[in-house]
Every structure is written in structure tokens, then in C-alpha cells.
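Residue-level structure breakdown
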Amino acid sequence: MIDQKPSVLFVCVHNAGRSQMAAGYLRHLAGDRVEVRSAGSLPADRINPVAVEAMREEGIDITAEAPKVLTTEAVQDSDVVITMGCGDACPFFPGKRYEDWKLDDPAGQGIDAVRPIRDEIKGRVEALLAELLA
């Protein structure tokens, strides 16, 4: 059992879709039991509006979030780093748990294409949360 709250960092290239949806789910499901961060190696100007719409359908509002640049500090401060197609852009630190989630990029896709991505993210976040709180 971890004495302190576990922390998770979700990283994708633009921090506008996948990582924001994952962070939104983890915040929603974990409440204050897990510290949640998200960032991008090349952050976009704003969150993907289709990702916002897809999450709204789940009753989760991510409109207050904004794409953030990935920093070395964010990685150092996280117990688990989950990458989603950012490749080698993520700094690596020994002793951290890294996972790479292979997910389609919702950028430029319509809501019908984004829903299955959202649903896969939800399942992965639920499994991750169960592990973290075990």
C-alpha cells in the first residue's frame, strides 16, 4: 500500500484528446484518491471539441482543462506515466512505471469515431484505478 496518494500522468502529443479524456475519467472515478496530470509533447491550442462532446455524453466536463506542455518535473512527480502515441518525446526515469496505450488519435474525427476511443480509454482507466487502489 502506498502511504501517499498515487499520481498518474497521461501524455499524448497534443494533450487535446486522448490524454484529456483519460485524465477526465480518472478524476471522475478516483475523486481525490489519485493525483491526476496530463500533458503533451507538442500541446495544441485547445482541447478537441469532439473529445469534450464525447466526455459530456458520459457526464464528465473537461471544458475547464487546457493543453499543457510536458515537463520533466511532471514525469518525476508521477508514479505512473501513461503515454498515448508520444513515442520518444517522453523523458524516462528509472523506477517509474511506464505504460504505452495504443489508441487511435481522435484529432479530426467525428463523434462516431471518437466514442469507441473514449470507451476504450474508460476501460483502461478503470483497470488502472483498480490496480492503484488495490
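Our subject is the structure listed above.
Heads up: these notes are all about the structure in this document. Keep in mind that this is a model prediction, so the values were computed, not measured.

Here is what the cut-offs are and how they apply
Residues numbered from 1 in each chain as written. Predicted model: local features only at pLDDT ≥ 70, side-chain atom pairs only at ≥ 80, totals over all residues. Heavy atoms only, no water. Phe/Tyr/Trp six-rings, centres within 6.5 Å; stacked < 30°, edge-to-face > 60°. Helix = DSSP H or I, 4+ residues; strand = E, 2+ residues; numbered from the N terminus. Buried < 20%, exposed > 50% of the residue type's maximum accessible area, 1.4 Å probe, protein only. Pairing = 2+ DSSP bridges. Axes fitted to C-alpha atoms, helices over the stretch in contact; angles between N-to-C directions. Contact = heavy atoms within 4.5 Å. Core = buried A, V, L, I, M, F, W, Y, C linked by side-chain atoms within 4.5 Å. Expected span 1.5 Å × (residues − 1). Arc of directions from axis to C-beta.

The next thing to look at is the packing of aromatic side chains. For the structure shown, the criterion picks out 1 aromatic pair. Considering the side-chain rings of Phe10 and Trp101, the 5.9 Å spacing of their centres and the 55° angle between planes classify their relative orientation as tilted. With Phe10 in strand 1 (residues 7–12) and Trp101 in the loop between strand 4 (97–100) and helix 4 (111–132), this residue pair connects regions lying 91 residues apart in the sequence. Accessibility assignment for this pair places Phe10 and Trp101 in one class, buried.

A word on the sheet that holds strand 4. The 4 strands lie next to each other as 2-1-3-4, forming an open sheet whose pairing is parallel. Each edge of the open sheet carries a strand with a single partner, namely strand 2 (35–40) and strand 4. On average, each strand axis in the sheet is inclined to that of its neighbour by 20°, with strand direction left out of account. Note: strand 1 against strand 3 (residues 80–84), 5 bridges, orientation parallel. For Val11, the partnering residue across the bridge sits in strand 3 and is Thr83. Contacts from helix 4 reach strand 1, strand 3 and strand 4, with the element oriented near 155° to strand 1.

Nonpolar side chains in soluble globular proteins tend to end up buried together. Counting residues in hydrophobic clusters, the biggest one holds 32 residues, and the most contacted among them are Val8, Phe10 and Leu26. For this core, the secondary-structure elements that each account for two or more residues are strand 1, helix 1 (18–30), helix 2 (49–56), strand 3 and helix 4. Sort the elements by how many residues they give to this core and helix 4 lands first, with 8 residues. If you look at the next biggest cluster of nonpolar residues, it comprises 8 residues, including Val11, Ala74, Val81 and Phe93.

What follows covers helix 4. The end-to-end C-alpha distance of helix 4, which contains 22 residues, comes to 30 Å, matching closely the 32 Å that a straight helix rising 1.5 Å per residue would cover. Here helix 4 has its buried residues at Ile111, Val114, Ile117, Arg118, Ile121, Val125, Leu128, Leu129 and Leu132. Taken around the axis of helix 4, the buried residues stretch over an arc of 115°, which confines them to a single face. Of the surrounding secondary structure, the elements contacted by the buried residues of helix 4 are strand 1, helix 1, helix 2, strand 3 and strand 4.

No statement about biological role is implied by the geometric values presented.
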